[in-house]
Amino acid sequence: MSETPTKYSFGMIGLGTMGRNLLLNIADHGFAVAGYDKSQKQVDLLREESEGKAVEGFSDPEAFVQSIATPRAIMMLVPAGPIVDAVIVEMQQYLSPGDILIDGGNSHFTDTERRATSLEKVGLHFFGMGVSGGEEGARFGPSMMPGGDREAYKVMQPVFEAIAAKVDGAPCVAYMGPGAAGHYVKMVHNGIEYGLMELIAETYGVMKNGLGMDNEAIRQTFTKWNEGRLQCYLVDITKDIFAYKAPDTDHLLLDDIRDEARSKGTGKWTSQSAMDVALPIPTIDNAVSMRDLSKFKALREQLAALYLPVASPLSGDKEELLRQLEEALYFSMVVTYAQGMHLLASASKDLKYDLQLATIAKIWRGGCIIRSVFLNDIFNAFEQNKELEHLLLDPNVQKQVTSVLPGARTVVGAAVAAGMAVPAFSASLSYFEALRTARLPSNLIQAQRDYFGAHTYELIGHEGVFHTQWTPKHEDATFKKGAQVEEEPQSQQPVTPNK
Ligand code: 6PG
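Thresholds, definitions, all that
- Residue positions within a chain follow its written sequence, with the count starting from 1.
- Given that the model is predicted, a residue must reach a pLDDT of at least 70 before its local features are reported, and side-chain atom pairs must reach 80 or more before they are shown or counted; all residues, however, enter totals for whole chains, interfaces and linings.
- Neither water nor hydrogens contribute to the side-chain values; these are computed over all heavy atoms in the structure.
- Segments assigned H or I by DSSP are reported as helices when at least four residues long, segments assigned E as strands when at least two residues long, and all are numbered from the N terminus.
- Residue contacts are counted whenever heavy atoms from the two residues lie within 4.5 Å of one another.
- We call a residue near a molecule or strand when any one of its heavy atoms sits within 4 Å of it.
- Polar contact criterion, stated in full: a pair of N or O atoms within 3.5 Å, where within protein one must be able to donate a hydrogen and the other to accept it, and residues adjacent in sequence count only if both atoms are side-chain atoms.
- Computed by Shrake-Rupley with a 1.4 Å probe, the accessible areas treat only the displayed protein chains as cover when residues are assessed.
- Note on residue classes: Ala, Val, Leu, Ile, Met, Phe, Trp, Tyr, Cys and Pro are nonpolar, Asp, Glu, Lys and Arg are charged, and everything else, Gly too, is polar.
- We place a 1 Å grid over just the protein atoms. Points where a 1.4 Å probe fits but has no way out form a cavity, open points with protein on both sides within 12 Å along at least 5 of 7 lines form a pocket, and any residue with an atom within 4 Å of a point lines it.
- Grid points are joined across faces, edges and corners, and a volume is the space filled by probe spheres set on the points.
- Here the term buried applies to any residue with accessible area under 20% of the maximum for its type, exposed to any over 50%, and partly exposed to those in between, with areas from a 1.4 Å probe on protein chains only.
- Strands are treated as partners if at least two bridges between them are detected by DSSP.
- The definition of a right-handed crossover adopted here requires that, viewed with the strands pointing away, the path from the first strand over the helix to the second runs clockwise.
- To define axes, lines are fitted to C-alpha atoms, for helices over the stretch in contact only, and angles between the resulting N-to-C directions are given on a 0 to 180 degree scale.
- Note on scores: pLDDT gives the predictor's confidence for each residue, bounded by 0 and 100.
- In these notes the angle categories are as follows: under 35 degrees is roughly parallel, over 145 is roughly antiparallel, 65 to 115 is roughly perpendicular, and the rest is oblique.
- Take the far helix as the reference: if the near one is turned anticlockwise from it by less than a right angle, the crossing is left-handed, and if turned clockwise, right-handed.

All right, on to the environment of Pro 282 then. Among the structural elements, Pro 282 can be located in helix α12 (residues 282–294). Pro 282 has contacts with Gln 339, Ala 427 and Tyr 431, leaving out every residue within four places of it along the chain.

Below, the structure is given as structure tokens:
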């Protein structure tokens, strides 16, 4: 470092690549900063990378905390889970009331709620902040989703606005809401990330196995698509992956990589939370399931040998199918974002986060993994109509979706007919078809539940709930037991709902 300030204005706990890069980013914007890691190796790395900057590294927690000006502002970037709690316990020994502690990792929102409540009791300002953009984002401009203690955020705002990615001059950071709102929004961001990644992977599968395209043709196609409405970070990196050769070979590294996808759990949390608030996000659910399914490699190999033939090429004009595949991908991506936004709106009410969907779309336009040109349309939709119930109701989105719907239907139909798995594509299409259906066959489910369990049903044009004795009384012993047969059977009897 060039010169030692008496006190540093910001501290970072956890000097992995993300922590170091974020710290260097903050230092580049004129702030004197300190970093702490138990591992001396990480501290040395920080020192090496920060030559000439107002940055200092510590492996002693007390010296680190004492080096920061009070009230202190300290961020943790450590793996989610028990490590975060352990770091908090360690830091609490040295922190003073009024200090600000930020969790910049991918913590589960319920952990963040718990930590905020317990730290508030000891006078510490705690807030959870989702940080997206990977290593490069952290170094040159991430998208950040802070939530929790608003006053504490206001103190940090100038720093975060300085280091965030910018789109049309606007920083990709904004206060999300109270409690764990920041981590909740980041979790849903990751759920959308899972959905988009699975869709791109399925697109690759269709290109390769359904349309017989080689890697170079796939690279060219993704490159071309990334210049149009599909332009987004994930398609952009995909085209690069299709250009990257395994060291000292003339084939793609991609072809050497196992087809078993890993995950750290944020996609699963999104699905779990969606189930908790009874809000459908089937594309994201399928993306999570497909990562899990992919891990059953040995089982897949056994079944592949058992159920022949393997998927056949798609029937139809290949060029036309490729054009429709672009439509299908765009359609499904729009639906994935729509599911994520719908979940945010619903959970916001349940958890009292008061999330502003336009603001969220705005800060996702740059820096983060799901950034895309389509986020401008999402931003416009929720900006123009703050009460918009669902993205698919927006007139501009409606126009776009209508134009690509035929392609989505053709591709899903052709892939299914060819014996190819396209679960995220299918889920996106079925979600859409169901949601635009004014009368679903769900009346039958109501009737079945009432039949076997006297769970009651509702009637069109009538208030209240009803129960019917669906078969003659005492006719069948099994039925009697399950249906709680009443003394005086009536064909349609209003009842109090079952508890
Ligand atoms: C981001 C990413 C990041 C996430 C990785 C890995 O926004 O920068 O979402 O936070 O940790 O993408 O996630 P999985 O291991 O669950 O795929």
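Still to come is the rest of the account.
Moving on, we come to the site of the ligand. Near the ligand, the surroundings consist of 15 residues, among which Ser 132, Lys 186, Glu 193, Tyr 194 and Arg 291 are the closest. The side chain of Ser 132 places a nitrogen or oxygen atom 2.4 Å from an oxygen atom of the ligand. Here an oxygen atom of the ligand and a backbone polar atom of Lys 264 are 3.0 Å apart. Within the complex, 80% of the 420 Å² of free accessible area of the ligand lies under protein. A class-by-class count of the residues in the shell around the ligand yields 2 nonpolar, 9 polar and 4 charged.

Next up on the list: empty space enclosed by the protein. For the coordinates displayed, the defined rule picks out 3 cavities of 30 Å³ or more. When its volume is computed, the largest cavity comes out at roughly 60 Å³. In this structure, the largest cavity is lined by Arg 229, Leu 230, Gln 231, Cys 232, Tyr 330, Met 333, Val 334, Tyr 337, Ser 372, Val 373 and Phe 374. Counting residues per element, the lining of the largest cavity draws most heavily on helix α14 (residues 318–351), which supplies 4 residues. Grouping the constituent residues of the lining of the largest cavity by class yields 8 nonpolar, 2 polar and 1 charged. Roughly 40 Å³ of internal volume is contained in the second largest cavity. Considering the residues around the second largest cavity, the lining is formed by Asn 106, Ser 107, His 183, Lys 186, Met 187, Thr 266 and Trp 269. Breaking the lining of the second largest cavity down by element, the ones donating at least two residues are α8 (181–210) and α11 (266–276).

On to the pairing of strand β7 (residues 143–148), then. Counted residue by residue, β7 has 6 buried out of 6 residues, so it is predominantly covered. Of the two faces of β7, the one lined by Ser 143, Met 145 and Gly 147 and the one lined by Met 144, Pro 146 and Gly 148 are each fully buried. In the sheet, strand β6 (residues 125–132) pairs with β7 via 6 bridges, with the strands oriented antiparallel. Looking across to β7, one finds that Val 131 is bridged to Met 144.

Burial along strand β2 (residues 33–36) is two-sided: Val 33 and Gly 35 facing one way and Ala 34 and Tyr 36 facing the other are all buried. Here strand β1 (residues 10–13) pairs with β2 via 4 bridges, running parallel. Residue pairing for β2: Ile 13 is matched across the bridge by Tyr 36. For the crossover from β1 across helix α1 (residues 17–28) to β2, the handedness is right-handed. With helix α2 (residues 40–49) bridging β2 and the parallel strand β3 (residues 55–58), this β-α-β connection has right-handed handedness.

So, about the sheet that holds β6. Read from one edge to the other, the open sheet built from 7 strands follows the order β3-β2-β1-β4-β5-β6-β7, with strand pairing classed as mixed. Each edge of the open sheet carries a strand with a single partner, namely β3 and β7. When the angles between neighbouring strand axes are averaged without regard to direction, this sheet yields 25 degrees. For strand β4 (residues 73–76) and strand β5 (residues 100–103), the ladder comprises 4 bridges, and the chain directions are parallel. Within β5, the residue paired with Met 76 across the bridge is Asp 103. Along the sheet, α2 makes contact with β2 and β3, crossing β3 at roughly 170 degrees.

Time to look at the confidence of the model for the protein chain. For the protein chain, per-residue confidence averages 94 on the pLDDT scale, and residues scoring 70 or more make up 94% of the total. Per-residue pLDDT stays below 50 along residues 477–490; that stretch engages in 26 contacts with residues further than four places along the chain or on separate chains.

We now examine the packing of helix α9 (residues 215–225) against helix α10 (residues 233–241). Angle between the axes and distance between the axes: these two values describe a pair of packed helices. Interaxial distance between α9 and α10 falls to 8 Å at its minimum, and their mutual angle equals 150 degrees. In terms of axis orientation, α9 runs roughly antiparallel to α10. Classified by chirality, the crossing of α10 by α9 is left-handed. Contacts between α9 and α10 involve Arg 219, Phe 222 and Thr 223 from the first element and Val 235, Thr 238 and Lys 239 from the second.

Counted as a void, the second largest pocket has a volume near 420 Å³. Together, 16 residues line the second largest pocket, and Ala 345, Lys 349, Leu 355, Leu 357 and Lys 386 are the ones closest to its centre. Of all the secondary-structure elements, those providing two or more residues to the lining of the second largest pocket are α14 and α15 (357–363). For the lining of the second largest pocket, the element with the highest residue contribution is α14, accounting for 6 residues. A breakdown of the residues in the lining of the second largest pocket according to their chemical character gives 7 nonpolar, 4 polar and 5 charged.

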